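# Residue-level structural notes
The lines below spell out each chain.
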Amino acid sequence: MQQKISFADAFKFWLRLGFISFGGPAGQIAIMHRELVEEKRWISEGRFLHALNYCMLLPGPEAQQLATYIGWLMHRTWGGVMAGALFVLPSLFILVGLSWVYVAFGSVPWVAGLLYGIKPAVAALVLQAVHRIGSKTLKQPQQAPVLWVIAVSSFAAVAVFNVPFPWVVLAAALTGWLGQRWVPAQFTQGAGHGAAKGAGAKTEQLEAPVFVIGDNTPTPLHARFNKFRLLTVLVVGLALWLLPMAALVAWQGWQGALAQMGWFFTKAALLTFGGAYAVLPYVYQGGVEQFAWLTGPQMMDGLALGETTPGPLIMVVAFVGFLGGWSKQVLGPDALFLGAALAATVVTWFTFLPSFIFILAGGPLVESTHGKLKFTAPLTAVTAAVVGVIANLALFFIAAIAYKKGSSGSFISAIDITALSMACLAAVALIRFKVGVMPVIAGCALVGLACRLAGWA
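Residues numbered from 1 in each chain as written. Predicted model: local features only at pLDDT ≥ 70, side-chain atom pairs only at ≥ 80, totals over all residues. Heavy atoms only, no water.

### Observations regarding the overall build of the protein
Our working definition: The way it works is that DSSP assigns letters per residue, a run of H or I at least four long becomes a helix, a run of E at least two long becomes a strand, and they are numbered from the N terminus. The cut-offs for exposure are 20% and 50% of the maximum accessible area for each residue type, with area from a 1.4 Å probe on protein chains only; residues under the lower value are buried, those over the upper are exposed, and the others partly exposed. Any two residues whose heavy atoms approach within 4.5 Å are treated as being in contact. All accessibility values rest on the Shrake-Rupley procedure with a 1.4 Å probe; residue burial counts only the protein chains present in the view.
Along its length, the protein carries 18 helices and zero strands. The buried share of the protein, reckoned over its 457 residues, is 52%. Look at the contacts in the protein between residues 6 or more apart in sequence, and 75% of them connect residues 24 or more apart. By element, 69% of the accessible surface of the protein is carried by carbon and sulfur atoms, the whole surface being about 20,700 Å².

This is the structure:
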(Lines give C-alpha, C1' and ligand atoms only; values in the text may rest on other atoms or scores of the structure.)
Protein backbone atom coordinates (compact mmCIF):
# COMPACT_ATOMS: atom_id res chain seq x y z
CA MET A 1 0.00 0.00 0.00
CA GLN A 2 1.33 3.43 -0.95
CA GLN A 3 1.85 6.14 1.62
CA LYS A 4 -0.80 8.74 2.35
CA ILE A 5 -0.80 11.70 -0.03
CA SER A 6 0.56 14.81 1.67
CA PHE A 7 -1.34 18.09 1.46
CA ALA A 8 1.76 19.76 0.00
CA ASP A 9 2.04 17.18 -2.80
CA ALA A 10 -1.64 17.62 -3.56
CA PHE A 11 -1.27 21.41 -3.59
CA LYS A 12 1.58 21.18 -6.11
CA PHE A 13 -0.46 18.90 -8.35
CA TRP A 14 -3.65 20.99 -8.30
CA LEU A 15 -1.68 24.20 -8.88
CA ARG A 16 0.10 22.67 -11.88
CA LEU A 17 -3.20 21.30 -13.17
CA GLY A 18 -4.66 24.81 -13.07
CA PHE A 19 -2.04 25.93 -15.60
CA ILE A 20 -2.01 22.86 -17.90
CA SER A 21 -5.71 21.91 -18.02
CA PHE A 22 -6.37 22.79 -21.65
CA GLY A 23 -8.86 21.19 -24.01
CA GLY A 24 -12.22 21.72 -22.36
CA PRO A 25 -13.88 19.18 -20.03
CA ALA A 26 -12.89 16.16 -22.10
CA GLY A 27 -9.24 17.18 -22.20
CA GLN A 28 -9.13 18.15 -18.53
CA ILE A 29 -10.73 14.90 -17.40
CA ALA A 30 -8.26 13.02 -19.58
CA ILE A 31 -5.35 14.88 -17.91
CA MET A 32 -6.65 14.07 -14.43
CA HIS A 33 -7.19 10.44 -15.38
CA ARG A 34 -3.67 10.10 -16.77
CA GLU A 35 -2.03 11.83 -13.81
CA LEU A 36 -4.13 10.56 -10.91
CA VAL A 37 -5.05 7.04 -12.08
CA GLU A 38 -2.33 5.93 -14.48
CA GLU A 39 0.78 7.72 -13.23
CA LYS A 40 0.45 8.72 -9.57
CA ARG A 41 -2.12 6.01 -8.76
CA TRP A 42 -3.74 8.17 -6.13
CA ILE A 43 -7.23 6.90 -7.04
CA SER A 44 -8.47 3.80 -8.86
CA GLU A 45 -10.30 3.71 -12.19
CA GLY A 46 -13.54 2.61 -10.53
CA ARG A 47 -13.54 5.36 -7.90
CA PHE A 48 -12.53 7.94 -10.51
CA LEU A 49 -15.40 7.00 -12.86
CA HIS A 50 -17.88 6.82 -9.99
CA ALA A 51 -17.02 10.39 -9.01
CA LEU A 52 -17.07 11.49 -12.65
CA ASN A 53 -20.55 10.08 -13.23
CA TYR A 54 -21.85 12.00 -10.22
CA CYS A 55 -20.27 15.22 -11.47
CA MET A 56 -21.74 14.65 -14.94
CA LEU A 57 -25.16 14.44 -13.33
CA LEU A 58 -24.75 17.79 -11.56
CA PRO A 59 -25.36 21.18 -13.12
CA GLY A 60 -22.14 23.09 -13.63
CA PRO A 61 -18.59 22.35 -14.86
CA GLU A 62 -17.94 18.64 -14.37
CA ALA A 63 -14.14 18.81 -14.66
CA GLN A 64 -13.84 21.40 -11.88
CA GLN A 65 -16.34 19.46 -9.78
CA LEU A 66 -14.35 16.27 -10.30
CA ALA A 67 -11.18 18.01 -9.11
CA THR A 68 -13.06 19.31 -6.06
CA TYR A 69 -14.44 15.84 -5.33
CA ILE A 70 -11.08 14.08 -5.52
CA GLY A 71 -9.42 16.84 -3.47
CA TRP A 72 -12.14 16.48 -0.84
CA LEU A 73 -11.85 12.69 -0.81
CA MET A 74 -8.11 12.94 -0.22
CA HIS A 75 -7.91 15.90 2.19
CA ARG A 76 -11.34 16.71 3.57
CA THR A 77 -13.12 20.05 3.03
CA TRP A 78 -10.05 22.25 2.61
CA GLY A 79 -8.60 19.76 0.15
CA GLY A 80 -11.72 20.10 -1.99
CA VAL A 81 -11.75 23.89 -1.74
CA MET A 82 -8.06 24.01 -2.67
CA ALA A 83 -8.44 21.69 -5.67
CA GLY A 84 -11.53 23.46 -7.01
CA ALA A 85 -10.15 26.97 -6.50
CA LEU A 86 -6.76 26.23 -8.08
CA PHE A 87 -8.59 24.76 -11.06
CA VAL A 88 -10.32 28.12 -11.65
CA LEU A 89 -8.08 30.99 -10.47
CA PRO A 90 -5.29 30.80 -13.09
CA SER A 91 -7.91 30.85 -15.84
CA LEU A 92 -9.69 33.84 -14.28
CA PHE A 93 -6.53 35.96 -14.18
CA ILE A 94 -5.53 34.98 -17.72
CA LEU A 95 -9.00 35.60 -19.15
CA VAL A 96 -9.27 39.03 -17.52
CA GLY A 97 -6.03 39.97 -19.27
CA LEU A 98 -7.09 38.49 -22.62
CA SER A 99 -10.51 40.12 -22.37
CA TRP A 100 -8.87 43.52 -21.96
CA VAL A 101 -6.68 42.86 -25.01
CA TYR A 102 -9.81 41.85 -26.91
CA VAL A 103 -11.84 44.98 -26.15
CA ALA A 104 -8.82 47.23 -26.69
CA PHE A 105 -7.41 45.64 -29.86
CA GLY A 106 -10.06 43.17 -31.10
CA SER A 107 -10.83 45.18 -34.23
CA VAL A 108 -7.18 45.19 -35.33
CA PRO A 109 -7.04 43.14 -38.59
CA TRP A 110 -4.36 40.69 -37.46
CA VAL A 111 -6.21 39.99 -34.18
CA ALA A 112 -9.48 39.50 -36.09
CA GLY A 113 -7.67 37.10 -38.42
CA LEU A 114 -6.40 35.01 -35.53
CA LEU A 115 -9.89 34.84 -34.01
CA TYR A 116 -11.34 33.84 -37.40
CA GLY A 117 -9.02 30.84 -37.48
CA ILE A 118 -9.60 29.82 -33.88
CA LYS A 119 -13.40 29.48 -34.25
CA PRO A 120 -13.24 26.41 -36.56
CA ALA A 121 -10.81 24.85 -34.08
CA VAL A 122 -13.42 25.36 -31.34
CA ALA A 123 -16.03 23.52 -33.42
CA ALA A 124 -13.56 20.67 -33.94
CA LEU A 125 -12.85 20.49 -30.22
CA VAL A 126 -16.54 20.04 -29.49
CA LEU A 127 -16.68 17.23 -32.07
CA GLN A 128 -13.70 15.65 -30.34
CA ALA A 129 -15.53 15.85 -27.02
CA VAL A 130 -18.46 13.94 -28.57
CA HIS A 131 -16.05 11.25 -29.76
CA ARG A 132 -14.05 10.92 -26.55
CA ILE A 133 -16.92 10.92 -24.06
CA GLY A 134 -19.09 8.81 -26.34
CA SER A 135 -16.42 6.17 -26.93
CA LYS A 136 -15.90 5.77 -23.19
CA THR A 137 -19.58 5.70 -22.26
CA LEU A 138 -21.53 4.13 -25.10
CA LYS A 139 -19.30 1.10 -25.82
CA GLN A 140 -20.31 -0.79 -28.99
CA PRO A 141 -23.94 -0.55 -30.18
CA GLN A 142 -24.39 -4.31 -29.94
CA GLN A 143 -23.07 -4.28 -26.34
CA ALA A 144 -25.14 -1.40 -25.00
CA PRO A 145 -27.98 -0.51 -27.40
CA VAL A 146 -29.97 1.14 -24.61
CA LEU A 147 -27.19 3.70 -24.00
CA TRP A 148 -27.10 4.47 -27.72
CA VAL A 149 -30.86 4.96 -27.78
CA ILE A 150 -30.55 7.35 -24.83
CA ALA A 151 -27.83 9.37 -26.60
CA VAL A 152 -29.71 9.60 -29.90
CA SER A 153 -33.01 10.40 -28.18
CA SER A 154 -31.34 13.16 -26.14
CA PHE A 155 -29.88 14.67 -29.31
CA ALA A 156 -33.28 14.66 -30.99
CA ALA A 157 -35.04 16.02 -27.90
CA VAL A 158 -32.73 19.04 -27.69
CA ALA A 159 -32.05 19.66 -31.39
CA VAL A 160 -35.51 19.00 -32.86
CA PHE A 161 -38.04 19.43 -30.06
CA ASN A 162 -36.22 22.01 -27.88
CA VAL A 163 -36.82 19.95 -24.73
CA PRO A 164 -35.19 21.64 -21.69
CA PHE A 165 -32.08 19.76 -20.66
CA PRO A 166 -33.24 19.11 -17.05
CA TRP A 167 -36.11 17.03 -18.49
CA VAL A 168 -33.64 15.13 -20.66
CA VAL A 169 -31.54 14.37 -17.56
CA LEU A 170 -34.55 13.18 -15.59
CA ALA A 171 -35.71 10.94 -18.43
CA ALA A 172 -32.22 9.46 -18.81
CA ALA A 173 -31.89 8.86 -15.06
CA LEU A 174 -35.27 7.12 -14.97
CA THR A 175 -34.27 4.99 -17.96
CA GLY A 176 -31.06 4.01 -16.18
CA TRP A 177 -32.91 3.11 -12.99
CA LEU A 178 -35.34 0.90 -14.92
CA GLY A 179 -32.58 -0.47 -17.12
CA GLN A 180 -30.49 -1.77 -14.23
CA ARG A 181 -33.45 -3.96 -13.29
CA TRP A 182 -34.07 -5.36 -16.75
CA VAL A 183 -30.70 -5.19 -18.59
CA PRO A 184 -28.11 -4.55 -15.85
CA ALA A 185 -25.11 -5.61 -17.97
CA GLN A 186 -25.55 -2.60 -20.26
CA PHE A 187 -25.11 -0.18 -17.35
CA THR A 188 -22.05 -1.81 -15.79
CA GLN A 189 -18.77 0.06 -16.18
CA GLY A 190 -16.25 -2.05 -18.02
CA ALA A 191 -18.78 -4.70 -19.00
CA GLY A 192 -17.27 -7.49 -21.01
CA HIS A 193 -13.79 -7.17 -19.53
CA GLY A 194 -14.12 -9.44 -16.54
CA ALA A 195 -14.51 -12.81 -18.20
CA ALA A 196 -10.98 -14.06 -17.67
CA LYS A 197 -10.83 -17.32 -15.84
CA GLY A 198 -8.35 -19.67 -14.25
CA ALA A 199 -4.67 -18.82 -14.32
CA GLY A 200 -5.23 -15.77 -16.52
CA ALA A 201 -7.53 -14.22 -13.95
CA LYS A 202 -5.09 -14.98 -11.14
CA THR A 203 -2.28 -13.33 -13.08
CA GLU A 204 -4.42 -10.20 -13.61
CA GLN A 205 -5.14 -10.08 -9.88
CA LEU A 206 -1.48 -10.37 -8.99
CA GLU A 207 -0.50 -7.66 -11.48
CA ALA A 208 -3.34 -5.29 -10.57
CA PRO A 209 -1.95 -1.84 -9.67
CA VAL A 210 -2.13 -0.64 -6.07
CA PHE A 211 -3.87 2.69 -5.50
CA VAL A 212 -3.87 5.00 -2.50
CA ILE A 213 -7.67 5.11 -2.84
CA GLY A 214 -8.65 1.81 -4.44
CA ASP A 215 -11.92 0.14 -5.28
CA ASN A 216 -11.91 -1.68 -1.95
CA THR A 217 -10.44 1.10 0.18
CA PRO A 218 -12.81 1.85 3.09
CA THR A 219 -14.54 5.21 2.90
CA PRO A 220 -12.62 7.68 5.12
CA LEU A 221 -14.42 9.05 8.17
CA HIS A 222 -14.85 12.54 6.74
CA ALA A 223 -16.50 11.09 3.62
CA ARG A 224 -19.21 9.24 5.54
CA PHE A 225 -22.65 10.74 5.72
CA ASN A 226 -23.40 12.90 8.76
CA LYS A 227 -26.55 15.00 9.12
CA PHE A 228 -24.86 17.73 11.16
CA ARG A 229 -22.04 18.07 8.64
CA LEU A 230 -24.55 18.25 5.77
CA LEU A 231 -26.48 21.01 7.55
CA THR A 232 -23.25 22.91 8.25
CA VAL A 233 -22.19 22.81 4.60
CA LEU A 234 -25.61 24.03 3.43
CA VAL A 235 -25.76 26.89 5.95
CA VAL A 236 -22.23 28.10 5.18
CA GLY A 237 -22.88 27.81 1.45
CA LEU A 238 -26.08 29.83 1.70
CA ALA A 239 -24.27 32.53 3.70
CA LEU A 240 -21.51 32.70 1.08
CA TRP A 241 -24.19 33.37 -1.53
CA LEU A 242 -26.41 35.74 0.46
CA LEU A 243 -23.74 38.09 1.82
CA PRO A 244 -22.18 39.07 -1.55
CA MET A 245 -25.60 39.32 -3.20
CA ALA A 246 -26.91 41.52 -0.40
CA ALA A 247 -23.86 43.75 -0.74
CA LEU A 248 -24.38 44.14 -4.50
CA VAL A 249 -28.08 44.93 -4.10
CA ALA A 250 -27.37 47.47 -1.32
CA TRP A 251 -24.70 49.11 -3.50
CA GLN A 252 -26.35 49.32 -6.94
CA GLY A 253 -29.88 47.98 -6.47
CA TRP A 254 -31.50 44.77 -7.68
CA GLN A 255 -31.62 46.03 -11.27
CA GLY A 256 -27.92 46.92 -11.21
CA ALA A 257 -25.75 45.07 -13.70
CA LEU A 258 -23.65 43.29 -11.04
CA ALA A 259 -26.67 42.02 -9.08
CA GLN A 260 -28.31 40.83 -12.29
CA MET A 261 -25.11 39.05 -13.30
CA GLY A 262 -24.93 37.36 -9.91
CA TRP A 263 -28.53 36.19 -10.13
CA PHE A 264 -28.36 35.08 -13.77
CA PHE A 265 -25.19 33.05 -13.31
CA THR A 266 -26.54 31.51 -10.13
CA LYS A 267 -29.45 30.23 -12.22
CA ALA A 268 -27.02 29.09 -14.89
CA ALA A 269 -25.09 27.14 -12.26
CA LEU A 270 -28.24 25.54 -10.84
CA LEU A 271 -30.44 24.98 -13.87
CA THR A 272 -28.07 23.85 -16.59
CA PHE A 273 -26.89 20.24 -16.69
CA GLY A 274 -24.22 18.46 -18.67
CA GLY A 275 -21.23 20.67 -17.92
CA ALA A 276 -19.80 23.52 -19.93
CA TYR A 277 -20.93 22.37 -23.36
CA ALA A 278 -24.56 22.16 -22.25
CA VAL A 279 -24.57 25.50 -20.39
CA LEU A 280 -23.26 27.60 -23.28
CA PRO A 281 -26.56 27.94 -25.18
CA TYR A 282 -28.22 29.17 -21.97
CA VAL A 283 -25.43 31.71 -21.35
CA TYR A 284 -25.66 32.83 -24.98
CA GLN A 285 -29.40 33.35 -24.67
CA GLY A 286 -29.09 35.41 -21.48
CA GLY A 287 -25.87 37.30 -22.12
CA VAL A 288 -26.60 38.19 -25.75
CA GLU A 289 -30.37 38.23 -26.21
CA GLN A 290 -31.77 39.08 -22.79
CA PHE A 291 -29.27 41.45 -21.15
CA ALA A 292 -27.17 42.55 -24.17
CA TRP A 293 -23.93 42.32 -22.20
CA LEU A 294 -22.19 41.37 -25.46
CA THR A 295 -23.01 40.43 -29.08
CA GLY A 296 -23.26 37.01 -30.70
CA PRO A 297 -19.94 37.28 -32.54
CA GLN A 298 -18.29 38.44 -29.31
CA MET A 299 -19.68 35.34 -27.57
CA MET A 300 -18.01 33.12 -30.18
CA ASP A 301 -14.77 35.04 -29.75
CA GLY A 302 -15.03 34.58 -25.99
CA LEU A 303 -15.47 30.85 -26.43
CA ALA A 304 -12.39 30.78 -28.62
CA LEU A 305 -10.41 32.62 -25.93
CA GLY A 306 -11.77 30.21 -23.32
CA GLU A 307 -10.52 27.25 -25.34
CA THR A 308 -7.02 28.73 -25.54
CA THR A 309 -6.68 29.17 -21.77
CA PRO A 310 -6.35 26.55 -19.04
CA GLY A 311 -9.20 25.83 -16.69
CA PRO A 312 -12.85 24.88 -17.27
CA LEU A 313 -14.40 25.96 -20.54
CA ILE A 314 -17.26 27.54 -18.62
CA MET A 315 -14.75 30.21 -17.64
CA VAL A 316 -16.05 31.89 -20.78
CA VAL A 317 -18.52 33.38 -18.28
CA ALA A 318 -15.64 35.54 -17.03
CA PHE A 319 -15.34 36.93 -20.57
CA VAL A 320 -19.12 37.55 -20.64
CA GLY A 321 -18.88 39.30 -17.29
CA PHE A 322 -15.89 41.38 -18.35
CA LEU A 323 -17.57 42.61 -21.53
CA GLY A 324 -20.82 43.21 -19.64
CA GLY A 325 -19.01 45.20 -16.96
CA TRP A 326 -17.18 47.16 -19.67
CA SER A 327 -20.27 47.92 -21.77
CA LYS A 328 -22.47 48.78 -18.76
CA GLN A 329 -19.68 50.83 -17.12
CA VAL A 330 -20.42 49.36 -13.69
CA LEU A 331 -17.81 51.60 -12.01
CA GLY A 332 -18.27 54.54 -14.34
CA PRO A 333 -16.59 55.60 -17.60
CA ASP A 334 -13.31 56.44 -15.86
CA ALA A 335 -12.77 52.93 -14.45
CA LEU A 336 -13.72 50.65 -17.33
CA PHE A 337 -11.05 48.02 -16.68
CA LEU A 338 -11.62 47.86 -12.93
CA GLY A 339 -15.37 47.64 -13.41
CA ALA A 340 -15.01 44.91 -16.02
CA ALA A 341 -12.56 42.94 -13.85
CA LEU A 342 -14.95 43.25 -10.89
CA ALA A 343 -17.83 41.97 -13.04
CA ALA A 344 -15.73 39.00 -14.21
CA THR A 345 -14.92 38.17 -10.58
CA VAL A 346 -18.56 38.46 -9.50
CA VAL A 347 -19.69 36.20 -12.33
CA THR A 348 -17.03 33.62 -11.50
CA TRP A 349 -17.98 33.58 -7.81
CA PHE A 350 -21.69 33.00 -8.41
CA THR A 351 -21.06 30.46 -11.17
CA PHE A 352 -18.74 28.21 -9.18
CA LEU A 353 -20.02 28.53 -5.61
CA PRO A 354 -22.88 26.02 -6.18
CA SER A 355 -20.38 23.47 -7.52
CA PHE A 356 -18.44 23.50 -4.25
CA ILE A 357 -21.67 23.10 -2.28
CA PHE A 358 -22.85 20.21 -4.46
CA ILE A 359 -19.61 18.31 -3.92
CA LEU A 360 -19.06 19.01 -0.23
CA ALA A 361 -22.71 18.32 0.63
CA GLY A 362 -23.36 15.42 -1.74
CA GLY A 363 -19.99 13.68 -1.67
CA PRO A 364 -20.73 11.48 1.37
CA LEU A 365 -23.98 10.30 -0.20
CA VAL A 366 -22.17 9.42 -3.42
CA GLU A 367 -19.46 7.51 -1.56
CA SER A 368 -22.16 5.41 0.09
CA THR A 369 -23.45 4.35 -3.35
CA HIS A 370 -20.06 3.16 -4.67
CA GLY A 371 -20.46 -0.16 -6.42
CA LYS A 372 -24.28 -0.21 -6.12
CA LEU A 373 -25.74 -0.57 -9.59
CA LYS A 374 -29.16 0.87 -8.73
CA PHE A 375 -27.39 4.19 -8.04
CA THR A 376 -24.65 4.04 -10.69
CA ALA A 377 -26.92 2.99 -13.59
CA PRO A 378 -28.87 6.30 -13.63
CA LEU A 379 -25.55 8.18 -13.63
CA THR A 380 -24.28 6.13 -16.57
CA ALA A 381 -27.52 6.82 -18.45
CA VAL A 382 -27.17 10.55 -17.80
CA THR A 383 -23.63 10.45 -19.18
CA ALA A 384 -25.01 8.85 -22.35
CA ALA A 385 -27.61 11.62 -22.61
CA VAL A 386 -24.89 14.25 -22.30
CA VAL A 387 -23.17 12.77 -25.36
CA GLY A 388 -26.29 13.59 -27.39
CA VAL A 389 -26.46 17.12 -26.00
CA ILE A 390 -22.81 17.80 -26.83
CA ALA A 391 -23.43 16.53 -30.37
CA ASN A 392 -26.21 19.10 -30.65
CA LEU A 393 -23.84 21.82 -29.48
CA ALA A 394 -21.31 20.72 -32.10
CA LEU A 395 -23.92 21.40 -34.79
CA PHE A 396 -24.65 24.77 -33.17
CA PHE A 397 -21.00 25.81 -33.49
CA ILE A 398 -20.59 24.42 -37.00
CA ALA A 399 -23.62 26.44 -38.09
CA ALA A 400 -22.05 29.54 -36.50
CA ILE A 401 -18.96 29.29 -38.72
CA ALA A 402 -20.69 27.96 -41.84
CA TYR A 403 -21.77 31.30 -43.29
CA LYS A 404 -19.78 34.40 -44.12
CA LYS A 405 -20.67 37.46 -42.07
CA GLY A 406 -22.48 40.15 -44.02
CA SER A 407 -22.76 38.07 -47.18
CA SER A 408 -25.53 39.28 -49.52
CA GLY A 409 -25.10 36.73 -52.30
CA SER A 410 -26.79 33.38 -52.91
CA PHE A 411 -27.02 30.63 -50.32
CA ILE A 412 -24.15 28.71 -51.91
CA SER A 413 -21.88 31.74 -52.20
CA ALA A 414 -22.53 32.58 -48.54
CA ILE A 415 -21.09 29.28 -47.32
CA ASP A 416 -17.69 29.80 -45.73
CA ILE A 417 -15.76 26.96 -47.34
CA THR A 418 -12.50 28.08 -45.72
CA ALA A 419 -13.85 27.91 -42.16
CA LEU A 420 -15.61 24.58 -42.72
CA SER A 421 -12.46 23.09 -44.26
CA MET A 422 -10.39 24.22 -41.30
CA ALA A 423 -12.94 22.68 -38.91
CA CYS A 424 -12.82 19.34 -40.78
CA LEU A 425 -9.03 19.24 -40.86
CA ALA A 426 -8.81 20.21 -37.18
CA ALA A 427 -11.28 17.46 -36.25
CA VAL A 428 -9.26 14.86 -38.19
CA ALA A 429 -6.07 16.05 -36.49
CA LEU A 430 -7.62 15.83 -33.03
CA ILE A 431 -9.55 12.58 -33.39
CA ARG A 432 -7.60 10.52 -35.92
CA PHE A 433 -4.01 11.65 -35.34
CA LYS A 434 -4.32 12.62 -31.64
CA VAL A 435 -2.69 16.02 -32.18
CA GLY A 436 -2.66 18.16 -29.04
CA VAL A 437 -5.22 20.90 -28.46
CA MET A 438 -2.78 23.81 -28.41
CA PRO A 439 -1.00 22.90 -31.69
CA VAL A 440 -4.38 22.61 -33.42
CA ILE A 441 -5.60 25.95 -32.08
CA ALA A 442 -2.30 27.65 -32.94
CA GLY A 443 -2.26 26.16 -36.43
CA CYS A 444 -5.86 27.21 -37.13
CA ALA A 445 -5.15 30.71 -35.80
CA LEU A 446 -2.18 31.13 -38.16
CA VAL A 447 -4.15 29.77 -41.13
CA GLY A 448 -7.02 32.12 -40.30
CA LEU A 449 -4.62 35.05 -40.13
CA ALA A 450 -3.09 34.13 -43.49
CA CYS A 451 -6.53 33.75 -45.10
CA ARG A 452 -7.68 37.13 -43.82
CA LEU A 453 -4.51 38.90 -44.95
CA ALA A 454 -4.80 37.23 -48.36
CA GLY A 455 -8.43 38.25 -48.68
CA TRP A 456 -9.75 34.69 -48.85
CA ALA A 457 -12.00 35.04 -45.81
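### A short note on the side chain of Ser 99
Mapped onto the secondary structure, Ser 99 falls in helix H4 (residues 62–105). Taking the relative accessible area as the measure of exposure, Ser 99 reaches 1% and is therefore buried. In contact with Ser 99, not counting residues within four places along its chain, are Phe 319 and Phe 322.

### Some points on the pattern of salt bridges
Rules: What makes a salt bridge here is a side-chain nitrogen of Lys or Arg within 4 Å of a carboxyl oxygen of Asp or Glu, nothing more.
Across all of its chains, the model carries three salt bridges by this definition. Residues Arg 16 and Glu 35 are paired through a salt bridge, measuring 2.7 Å at the closest nitrogen-oxygen approach. Note that Arg 16 is positioned in helix H1 (residues 7–20) and Glu 35 in helix H2 (residues 24–39), a separation of 19 residues in sequence. Taking the relative accessible area as the measure of exposure, Arg 16 reaches 37% and is therefore partly exposed.

### Some details on the nonpolar core
How we decide: Among the buried residues, those of types Ala, Val, Leu, Ile, Met, Phe, Trp, Tyr and Cys that are joined through side-chain atoms within 4.5 Å form a nonpolar core.
In this structure, Trp 14, Met 32, Leu 66 and Phe 265 are the most contacted members of the largest nonpolar core, which totals 140 residues. If one sorts the elements of this core by residue count, H4 sits on top with 17 residues. Leave out the neighbours within four places in its chain, and Leu 66 touches Ile 29, Met 32, Phe 48, Ala 51, Leu 52 and Cys 55.

### Considering helix H13 (residues 316–328)
Stated precisely, the cut-off is as follows: Here a helix's expected span is defined as the number of its residues, less one, multiplied by 1.5 Å.
Between its first and last C-alpha atoms H13 spans 18 Å; for 13 residues at 1.5 Å apiece the expected length is 18 Å, and the two agree. A large share of H13 lies buried, amounting to ten of its 13 residues. Every buried residue belonging to H13 is among Val 316, Val 317, Ala 318, Phe 319, Val 320, Gly 321, Phe 322, Leu 323, Gly 324 and Gly 325, and all of these are buried.

### Some thoughts on the confidence of the model for the protein
Put simply, the rule reads: The predictor's confidence in any single residue is recorded as pLDDT, a number from 0 to 100.
Per-residue confidence for the protein gives a mean pLDDT of 83, with 89% of residues at or over 70. Taken as a whole, residues 190–207 scores under 50 in pLDDT and shows five contacts with residues more than four places along the chain or in a different chain.

### Some thoughts on a nonpolar patch on the surface
Here is the rule: To count toward a patch, a residue needs a relative accessible area over 30% and no salt bridge; like charges are then connected within 9 Å, while nonpolar side chains (Val, Leu, Ile, Met, Phe, Trp, Tyr) are connected within 5 Å.
Residues Trp 100, Val 101, Phe 105, Trp 251, Leu 331, Phe 337 and Leu 338 make up a contiguous nonpolar surface patch of roughly 650 Å² in combined accessible area. At three residues, the largest contribution of residues to the nonpolar patch is made by H4. Tracing the sequence through the fold places Trp 100 in helix H4. When its relative accessible area of 37% is taken as the criterion, Trp 100 is described as partly exposed.

### Quick notes on the environment of Gly 71
Considering the arrangement of structural elements, one finds Gly 71 in helix H4. Taking the C-alpha atoms as reference points, Gly 71 and Val 81, ten residues apart in sequence, are found 7.6 Å from one another. With residues up to four places along the chain from it excluded, the contact list for Gly 71 reads Trp 14, Arg 76, Gly 79, Gly 80 and Ala 83.

### Quick notes on helix H5 (residues 109–137)
Taking 1.5 Å per residue, 29 residues should reach 42 Å; H5 reaches 43 Å between its end C-alpha atoms and fits that length. A positive backbone phi angle near 60 degrees is found at Lys 139, which sits one or two residues after H5.

### Considering the packing of aromatic side chains
The line we're drawing: Two aromatic rings, drawn from Phe, Tyr or Trp (for Trp, its six-membered ring), form a pair once their centres lie within 6.5 Å of each other, and the interplanar angle then sorts them: stacked below 30 degrees, edge-to-face above 60, tilted otherwise. We call a charge positioned above a ring when the Lys NZ or Arg CZ atom is no farther than 6 Å from the ring centre and deviates by at most 35 degrees from the ring normal.
All told, the structure shown has 16 aromatic pairs when counted by the stated rule. Pairing Tyr 102 with Phe 319 gives two aromatic rings, centres 5.3 Å apart and planes at 70 degrees, and the pair type is edge-to-face. Highlighted residues: Tyr 102 in helix H4 and Phe 319 in helix H13, separated in sequence by 217 residues. This pair shows no difference in class: Tyr 102 is buried, exactly as Phe 319 is. Here the aromatic residues Trp 241, Trp 254, Trp 263 and Phe 350 are joined through ring pairs into a cluster of three or more. Cation over ring: Lys 40 sits above Trp 42, and NZ or CZ is 5.2 Å from the ring centre. Directly above the aromatic system of Phe 433 lies the positively charged group of Arg 432, at a separation of 5.3 Å from the ring centroid.

### Focus on unusual backbone geometry
Positive phi, normally seen in glycine, also occurs at Arg 41, with a value near 55 degrees. Here Arg 41 is to be found in the loop between H2 and helix H3 (45–57). Arg 41 sits in the partly exposed class, given a relative accessible area of 35%. Despite not being glycine, Gln 329 has its phi angle at roughly 50 degrees, a positive value. Checked against the element boundaries, Gln 329 lands in the loop between H13 and helix H14 (336–368).

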